[in-house]
Amino acid sequence: MSPTLAAVLLIGIFVLAGLLIALGLGLSRRAQRLEEAGGPAAPTGADTADAASSAVAVPARPPLLRDRLGKTRATLSRSLGALTGRRAIDDDAWDSVEEALLVADVGVATTSRLINDLRARAAANRVSDPEQLVPLLREELVEDLAGADRLLHHAPDGTTVWLFVGVNGTGKTTTIAKLAQREIADGRPALLAAADTFRAAAADQLSHWADRVGADVVRGQEGADPGSVVFDAMNAAGGRGAGVVLVDTAGRMHTKVNLMEELKKVRRIAERTPGALQEVLLVIDATTGQNGLTQATQFADAVDVTGVVLTKLDGTAKGGIVLAIEAELDIPVKLVGVGESPDDLVPFDPEEFVAALFA
């Protein structure tokens, strides 16, 4: 290689190295400026267009009960597993089925009736293999839950009112917020009525949720008459264009007589507008099991409950309370909560529920 060519190559290498060093210093200074400014620079029009074109909207999929009812399913499986390998349907086999239902908190009365019906079904089908009792039990439970009205009803004209009752801590306020968000998404603006006036924190919490989901809220002074809040909310609904008014009520212990009298009064005020009150929904924490049934009895006697919202069903092995509520009180479970997000409050489907218990 000639000395002249070698010199040219050497100079080229130095120039390229200098350019790379300059580029690195520039990028370093830019990163430092961005860090000091607290975030990245605003995207250019081209950046925004590229981001928009590359983003793909993924529709939310409703949660599957099969994925959320593992605790109750495990409880049933432990007892029903004793049927495997048995040669005959004897007293021990029936005891295993009975134990499964009782441990899942179906309740003594409902369990006894289901066992009697299952015996009759097994005899009619001439079933002799104990393992075949499991699919027969599935059929029995689906039929037991069939036929109930599980819709949330709206007034044919004017504003709809849904009244929510239940003891404190069951998830009543968050249930209201989730339903309000759903109603708004369906084109029905929601108005929340903070009728629990005995705890300032209750009205504050409801107002917080109203802000989050984009709903209006009506609240009164602490200690005010709950009925007056409902009256004001119903009067305000038309002017604010609300399609549905969701009423949060006090939830002190259900054994308190005065609470039930207050709820009766709130219901009477909601009924002053003919056809407005469409649902009285009792919110029950599924983890309370048979205690939830006691709550349901008290509230049903006071305010004629039209449906149950069973929350925290994913966190309990006592999912059998669904059967007890419907059988002993003749009140349909309309919604179940199986998580924290709005999409985790789902309509109750008997076939999906039973399948999730055995799948």
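For the structure, check the block above.
Bear in mind the structure is a predicted one, so any value in this text is a computation, not a measurement. (Residues numbered from 1 in each chain as written. Predicted model: local features only at pLDDT ≥ 70, side-chain atom pairs only at ≥ 80, totals over all residues. Heavy atoms only, no water.)

What to know about the sheet that holds strand 4 (residues 244–248)
Taken together, eight strands build an open sheet; the order of strands is 3-2-4-1-5-6-7-8 and the sheet is mixed. In the strand order of this sheet, the two ends are held by strand 3 (216–219) and strand 8 (345–347), each with one partner. On average, each strand axis in the sheet is tilted by 25 degrees relative to the strand beside it, whichever way the strands run. As paired strands, strand 1 (residues 160–165) and strand 5 (residues 277–285) are joined by five bridges and run parallel to one another. Counterpart to Leu163 in the pairing with strand 5 is Val280. (Pairing = 2+ DSSP bridges. Helix = DSSP H or I, 4+ residues; strand = E, 2+ residues; numbered from the N terminus. Axes fitted to C-alpha atoms, helices over the stretch in contact; angles between N-to-C directions.)

Some remarks on the environment of Leu114
Looking at the secondary structure, you find Leu114 in helix 6 (residues 108–124). By relative accessible area, which is 0% here, Leu114 ends up buried. Not counting the four nearest positions on each side in its chain, Leu114 is found in contact with Leu101, Val106, Glu140, Leu141 and Asp144. (Buried < 20%, exposed > 50% of the residue type's maximum accessible area, 1.4 Å probe, protein only. Contact = heavy atoms within 4.5 Å.)

Concerning unusual backbone geometry
Note on backbone geometry: most residues besides glycine have negative phi, and most peptide bonds are trans. Positive phi, close to 55 degrees, is recorded for Asp304, a residue that is not glycine. As for its position among the elements, Asp304 is in the loop between helix 12 (290–303) and strand 6 (307–311).

Topic: helix 12
Taking 1.5 Å as the rise per residue, helix 12 with 14 residues should run 20 Å; its terminal C-alpha atoms sit 20 Å apart, in good agreement. Among all positions of helix 12, only Gly292, Leu293, Gln295, Ala296, Phe299, Ala302 and Val303 are buried. Asp304, located one to two residues past helix 12, shows a positive phi value of around 55 degrees. (Expected span 1.5 Å × (residues − 1).)

Focus: the pairing of strand 5
Put simply, side chains in a regular strand alternate between the two faces of the sheet. Summarising burial for strand 5: eight of the nine residues are buried, a large majority. Here strand 5 pairs with strand 6 via five bridges, running parallel. The partner of Ile284 across the bridge, within strand 6, is Leu310. With helix 12 bridging strand 5 and its parallel neighbour strand 6, the resulting β-α-β unit is right-handed. (Right-handed = clockwise from strand over helix to strand, strands pointing away.)

Examining helix 6
Here helix 6 is 17 residues long and its end C-alpha atoms lie 24 Å apart, about the 24 Å a rise of 1.5 Å per residue gives. When we look at burial in helix 6, the residues that qualify are Thr110, Thr111, Leu114, Ile115, Leu118, Arg121 and Ala122. Considered in projection along helix 6, the buried side chains sweep an arc of 130 degrees and stay on one side of the axis. Among the exposed residues of helix 6, those pointing more than 90 degrees away from its buried face are Ala109, Asn116, Ala123 and Ala124. Looking at the buried residues of helix 6, the elements they touch are helix 5 (91–103), helix 7 (133–145) and helix 13 (321–329). Of the residues trailing helix 6, Arg126 is marked for its positive phi of about 55 degrees. (Arc of directions from axis to C-beta.)

A closer look at the packing of helix 4 (residues 70–80) against helix 5
At their nearest, the axes of helix 4 and helix 5 sit 8 Å apart, and the two run at 160 degrees to each other. Taken together, the axes of helix 4 and helix 5 lie roughly antiparallel to each other. The handedness of the crossing between helix 4 and helix 5 comes out as right-handed. Touching Thr75, Leu76, Ser79 and Leu80 of helix 4 are Ser96, Val97, Glu99, Ala100, Leu101 and Val103, all from helix 5. (Parallel < 35°, antiparallel > 145°, perpendicular 65-115°, else oblique. Left-handed = near helix turned anticlockwise from the far one by under 90°.)

Structural measurements only, silent on function.
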